[in-house]
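Take a look at the letters that make up each chain.
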Amino acid sequence: MCGERLIPCVMELGGKAPLIACSDADVELAAQAAVSGGFANSGQICIAVERVYAHKSIAEQLERRIIERTRALRVGDPQQQTVDVGAIIFPKQIDVAEAHIADALAKGAVLATGGHRIESKGNFFQPTVLTNCNPSMTVMTEEIFGPIVPVMRVDSDEEALSLANRSHLGLNAYVFTKDRAYGEAFAARVEAGSVMVND
């Protein structure tokens, strides 16, 4: 409607960015990206990492490092230099996070760390990692816009690609592999506005 009338506008659109950790991914690099990409600005970024597809050959190690890195994050007033994760924009968004977590747990997910409000002045929520996720969970299909990183194990890179492309929220995506040529070819098949390889 704005375009028809030549009215300038800014559009904030949704995203459900997948991080695909291929069978040969650098686990430490992928874990660092999942945590920084999932919890920067408390996950309230349209290109935040909103779902992780981890190849079964590296999944256990990747999950362990994501959990360890997440537990080390410090939550609080972002004006303090000792803080890594700040507040949630408003209480309703915490309700959304809690609903995603409840749905995932009811469908078999494991709460690896976090998952609760932090009682303090302001809207704070623990950085949360869910494992044993599957495509039936809203946390894997709907936009979170909060500090939750859900991880699903896959049998192959192709399965990860198929699941990544199943979303209509194809704003951004991330692919991790030690083979740069393979990564670029694989990224070209991901249906997203932009795809980062190893970053």
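In case you missed it, the structure is sitting above this.
On a predicted model such as this, the values are computed, not experimentally measured, just so you know. (Residues numbered from 1 in each chain as written. Predicted model: local features only at pLDDT ≥ 70, side-chain atom pairs only at ≥ 80, totals over all residues. Heavy atoms only, no water.)

Novice: Sorry, what's going on with the nonpolar core here?
Specialist: Within the largest apolar cluster, 29 residues are counted, with the highest numbers of intra-cluster contacts made by Ile 20, Tyr 53, Cys 133 and Val 139. Of all the elements in the fold, those that place two or more residues in this core are α3 (91–106), α4 (138–141), β7 (148–154), α5 (157–164), β8 (172–176) and α6 (180–187). For Ile 20, the residues in contact, after removing those within four places along its chain, are Tyr 53, Ala 160, Leu 161, Ala 164, Tyr 174, Val 175, Phe 176, Phe 186 and Val 190. (Core = buried A, V, L, I, M, F, W, Y, C linked by side-chain atoms within 4.5 Å. Buried < 20%, exposed > 50% of the residue type's maximum accessible area, 1.4 Å probe, protein only. Helix = DSSP H or I, 4+ residues; strand = E, 2+ residues; numbered from the N terminus. Contact = heavy atoms within 4.5 Å.)

Novice: Just to check I follow, could you spell out the sheet that holds β7 for this structure?
Specialist: Pairing between the strands of a sheet is mediated by backbone hydrogen bonds and can be parallel or antiparallel. Strand order in this open sheet of seven strands is β3-β6-β7-β2-β1-β8-β9, and the pairing throughout is mixed. What marks the edges here is a single partner per strand, and that holds for β3 (110–113) and β9 (194–197). Each strand of the sheet is rotated relative to its neighbour by a mean of 20°, with strand direction disregarded. Pairing of strand β6 (residues 128–131) with β7, which is carried by three bridges, proceeds in the parallel orientation. Bridge pairing in β7 links Thr 128 to Ile 148. Against the sheet, α5 engages β1 (17–21), β2 (49–55) and β7, with an angle of about 160° to β2. Across the sheet, α6 touches β1, β8 and β9, and the angle it forms with β9 is around 165°. (Pairing = 2+ DSSP bridges. Axes fitted to C-alpha atoms, helices over the stretch in contact; angles between N-to-C directions.)

Novice: So what exactly am I meant to see when it comes to the pairing of β6 here?
Specialist: Regular strands place their side chains on alternate faces of the sheet. The side-chain alternation of β6 yields two buried faces, one formed by Thr 128 and Leu 130 and the other by Val 129 and Thr 131. As judged from the three bridges shared by β3 and β6, these two strands associate in the antiparallel manner. The residue bridging Thr 113 from the neighbouring strand is Val 129, located in β6.

Novice: Would you take a moment to explain the packing of helix α1 (residues 27–39) against helix α2 (residues 56–71) for this structure?
Specialist: In helix packing, the relevant descriptors are the interaxial angle and the interaxial distance, both defined with respect to the helix axes. Viewed as axis vectors pointing N to C, α1 and α2 meet at an angle of 45°, and their least axial separation amounts to 9 Å. Taken together, the axis directions place α1 and α2 in an arrangement best described as oblique. Viewed along their axes, α1 and α2 form a crossing whose handedness is right-handed. Taking contact as the criterion, the partners of Val 27, Glu 28, Ala 30, Ala 31, Gln 32, Ala 34, Val 35 and Phe 39 in α1 are, on α2, Ile 58, Gln 61, Leu 62, Arg 65, Ile 66, Arg 69 and Thr 70. Grouping the amino acids of the contact of α1 with α2 by side-chain chemistry returns nine nonpolar, three polar and three charged. (Parallel < 35°, antiparallel > 145°, perpendicular 65-115°, else oblique. Left-handed = near helix turned anticlockwise from the far one by under 90°. Nonpolar A, V, L, I, M, F, W, Y, C, P; charged D, E, K, R; others polar.)

Novice: Mind showing me how you'd approach the side chain of Asn 165 here?
Specialist: Within the secondary structure layout, Asn 165 lies in the loop between α5 and β8. Residue classification places Asn 165 among the buried residues on the basis of a relative accessible area of 18%. Filtering out sequence-adjacent residues up to four positions away, Asn 165 remains in contact with Arg 189, Val 190 and Glu 191.

Novice: So what exactly am I meant to see when it comes to the environment of Ile 148 here?
Specialist: By the secondary structure assignment, Ile 148 is in strand β7. A sequence separation of 132 residues divides Ile 148 from Lys 16, and the C-alpha atoms of the two residues are 12 Å apart. Once you skip the residues sitting within four places of it in the chain, Ile 148 turns out to touch Phe 39, Val 49, Ala 97, His 100, Ile 101, Thr 128, Leu 130 and Val 139.

Novice: Would you mind showing me how to read unusual backbone geometry here?
Specialist: Of all residues except glycine, most have a negative phi; of all peptide bonds, most are trans. The backbone phi angle of Leu 6 is positive, close to 55°, even though this residue is not glycine. Position of Leu 6 relative to the elements: it lies in the segment before β1. Although it is not a glycine, Asn 198 adopts a positive phi angle of roughly 60°. Here Asn 198 is to be found in the segment after β9. Given a relative accessible area of 24%, Asn 198 falls into the partly exposed group.

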